[in-house]
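# Topology and contacts: notes
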Amino acid sequence: MADEGHDAIPTELTRGQARRWRAACASDNPVDQMSPTYLVTDEIDPLLLGRALARVVRQHAPLRTRIVAGPDGEPVATLRAAPDSYPVKVVDLTGQPTERQADASTRFGATDSAVPVDLATDWPMRVTLVTLEPRRHLLFLTISHVVADGWSCGVVIRGIQSHFRALSRGEATDPGDPQKTLEAAWAAFVAESAERERSGWYTRDLGWWRRRLGGAFGVPASDAGPGKGSGESPGEGARSTVALSLPFGLPDPLGKGMRQLASSLRSTTFTITLAALAAVLADLTGTPETVVSVPYAGREEEEHEPLVGLFSDRLLLRVPVDRTATFPELVEQAQEVLLDAVDHASTPSYLVEEALAQDDPEAAHAPSVCMQIYPRSMCDAEPTEPGDLAFRLLGFRTPALHDGLALHMVEPDGGPTTGRLTHLPSFMNPAQAAEFLVFLFRVLSTAVRDQGCSVAEILRAARRGTGAEGGIEVGMGAGTSDDVVLWEQDDWVAASARSHP
């Protein structure tokens, strides 16, 4: 998308934005962006959509940011003027067979998400509307991860919904308090980040992280799957960031059991899954403590929540696994580890990783494991008023994977729990990935059913295959129930084209 002009208003980047820009410039794979896909089930006027997007962009400075290299190679940022109508590419697939629509949409999503967003010439966000039927569309967004984080995608979608509603009712643009409040909140965060940089605030917890993670083990690729040593070799390419992705769906009894167990323990399904993942990794590696990274929103103040920007980081969690403990006791341990990490989240993870690499150079090369569970309410924009557009997240593409293994799950809103396991080919092959998923969910199923058993007993039962894995769907069509499935081996796009009136 070509730049349509800018006013060259100087602006400041946060330390996180500047660092990501430098990393992208120095990388052999400079594509650092997010590409969510949403199902929209209503009639959409593309011109009205462009005007709604223009209002969103006008409110959020990061979506108008242009970054070029200065004479010293450091990033120089300016702000563009918001357009009257934001550029929207429209692809019309109405009248074509469902299979052709799915194939064309999948190929488009894979191609578009791989095209870099050049912040020197492009808008930070690229938008495409694919029409399948008059009242069914796919909205593809590609947003630079240099200026914004995953939380921001939800802010953008809810902003589109709100402004589209206002425009469809003929309401005039309100450039007053809402825009000024958002701009002021973002400017305050940027200024605070600069002050924290000067004061050394970001390094105040570095010693705690060094003590907590020193000597911890990553997960070597050779220990990645239950079938380690079996199947095809992942082959060369240990430094590859091109990932494979495997979708899955859980049977309703398991999902409900996890939520009930979390409620009884006054915990969350996130912590339940974290405890099970820690147990599985300990079993597969023979190491009682492996490191799992989890995304951290980093939005410390309430006024940060409605902002588009780069706030997020990740927390490195070292969960000790006592095989004689019961699963509820392991969940309690995982909860304590998570809360301790949040209390010390002031130090960015990259400073922690750099410090650990200095202490143990080999640790820097160990593949990492990441997990996240997203509430469905955070992913979507449900109608709040009559005539509202409904946006339902179908998939989330990232062209590169920086972890050896990433487990992403979406909390249901009445339907099944679904998600995807993304992994580097050098970390595990597709057969091992499927085995890993089934083993993990056997552990969860056994833990939910037999809470009084020790972790060792749960792992043995899962290895014997006595967990209720029969309803677990892994692979093409997993977690789907309707007619359009957009999925491919190297990148999963979407689960379901079900309508949500």
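This text follows the structure it describes.
First things first, this report covers the structure right here in the doc.

Right, let's talk about the overall build of the protein for a bit. Within the protein one finds 13 helices and 15 strands. Residue burial in the protein is summarised as follows: out of 501 residues, 54% are buried. In the protein, the proportion of contacts linking residues at least 24 apart, taken out of those at least 6 apart, comes to 78%. Carbon and sulfur atoms form 51% of the exposed surface of the protein, whose accessible area is close to 21,400 Å².

Let's shift gears to the packing of aromatic side chains. In total, this model carries eight aromatic pairs according to the counting rule given. Pairing F108 with F140 gives two aromatic rings, centres 5.2 Å apart and planes at 75°, and the pair type is edge-to-face. With F108 in helix α3 (residues 98-114) and F140 in strand β7 (residues 136-144), the pair connects residues that are 32 residues apart, well separated along the chain. What makes F140 buried here is its relative accessible area of 4%. One aromatic cluster in this structure is built from W186, F189 and F311. A cation sits over an aromatic face here: R80 above W123, 5.1 Å from the ring centre. One Lys or Arg, R463, reaches over the ring of F439 and ends 4.9 Å from the middle of that ring.

On to the packing of helix α8 (residues 269-285) against helix α12 (residues 430-449). Each pair of packed helices can be described by the angle between their axes along with the distance between the axes. Across the interface, α8 lies against α12 with an axial gap of 9 Å and an inter-helix angle of 120°. One finds that α8 runs oblique with respect to α12. The element α8 and its partner α12 pack so that their crossing is right-handed. The segment α8 lies against α12, with I272, T273, A276, L277, V280, L281, D283 and L284 engaging F436, F439, L440, V443 and L444. Taken together, the residues of the contact of α8 with α12 break down into 11 nonpolar, one polar and one charged.

Core analysis: the largest hydrophobic core is formed by 67 residues, its most contacted members being L317, F327, M371 and F436. It is α8 that provides the largest number of residues to this core, a total of 12 residues. What M371 contacts, discounting residues up to four positions off in sequence, is F270, T273, L274, L277, V292, S293, V294, P295 and L407. Grouped together as the second largest cluster of nonpolar side chains are 43 residues, I44, L119, L141 and I143 included.

Along the chain, M409 falls in strand β13 (residues 405-411). Among the residues examined, M409 registers a relative accessible area of 2% and is labelled buried. A sequence separation of 12 residues divides M409 from L421, and the C-alpha atoms of the two residues are 8.7 Å apart. Sequence-distant contacts of M409, defined by excluding residues within four places in its chain, comprise F248, L250, M258, T273, Q372, I373, Y374, T417, T418 and G419.

With that settled, the discussion passes to the side chain of T271. Mapped onto the fold, T271 is located in helix α8. Here T271 is in contact with V331, A334, Q335 and L338, once residues within four sequence places are set aside.

What follows is about the sheet that holds β7. Strand order across the open sheet formed by five strands is β5-β6-β7-β2-β12, with mixed pairing between neighbours. The open sheet has two edge strands with one neighbour each: β5 (89-92) and β12 (391-397). Between one strand axis and the next, the sheet turns through 20° on average, direction left out of account. One ladder, built from four bridges, connects β5 with strand β6 (residues 125-133); its direction is parallel. The partner of V91 across the bridge, within β6, is V130.

A few words on the sheet that holds strand β3 (residues 65-69). Taken together, three strands build an open sheet; the order of strands is β1-β4-β3 and the sheet is antiparallel. Because the sheet does not close on itself, it has two edges, and the strands there are β1 (9-11) and β3. For this sheet the average axis-to-axis angle between neighbouring strands, irrespective of direction, equals 40°. Alignment of β3 against strand β4 (residues 75-79), held across five bridges, turns out to be antiparallel. Counterpart to R66 in the pairing with β4 is T78.

Attention shifts here to the pattern of salt bridges. On inspection of all chains with the given rule, the structure shows 23 salt bridges. Here D32 and R20 are joined by a salt bridge, their closest N and O atoms 2.9 Å apart. Placement of D32 in the loop between α1 (15-26) and β2 (33-40) and of R20 in helix α1 is noted, with a sequence separation of 12 residues between them. A salt bridge links E133 to R136; the shortest N-O distance between them is 3.8 Å. Accessibility expressed as a relative area gives 40% for E133, which makes it partly exposed. Using a relative accessible area of 11% as the deciding quantity, one classes R136 as buried. Overlapping salt bridges bring together R165, R169, E385 and D388 as one network.

Each value, and the rule that gives it
Residues numbered from 1 in each chain as written. Predicted model: local features only at pLDDT ≥ 70, side-chain atom pairs only at ≥ 80, totals over all residues. Heavy atoms only, no water. Helix = DSSP H or I, 4+ residues; strand = E, 2+ residues; numbered from the N terminus. Buried < 20%, exposed > 50% of the residue type's maximum accessible area, 1.4 Å probe, protein only. Contact = heavy atoms within 4.5 Å. Areas by Shrake-Rupley, 256 points an atom, 1.4 Å probe, with all protein chains shown as cover. Phe/Tyr/Trp six-rings, centres within 6.5 Å; stacked < 30°, edge-to-face > 60°. Lys NZ or Arg CZ within 6 Å of the ring centre and 35° of its normal. Axes fitted to C-alpha atoms, helices over the stretch in contact; angles between N-to-C directions. Parallel < 35°, antiparallel > 145°, perpendicular 65-115°, else oblique. Left-handed = near helix turned anticlockwise from the far one by under 90°. Nonpolar A, V, L, I, M, F, W, Y, C, P; charged D, E, K, R; others polar. Core = buried A, V, L, I, M, F, W, Y, C linked by side-chain atoms within 4.5 Å. Pairing = 2+ DSSP bridges. Salt bridge = Lys/Arg side-chain N within 4 Å of Asp/Glu carboxyl O.

Distances and angles like these do not, on their own, reveal function.
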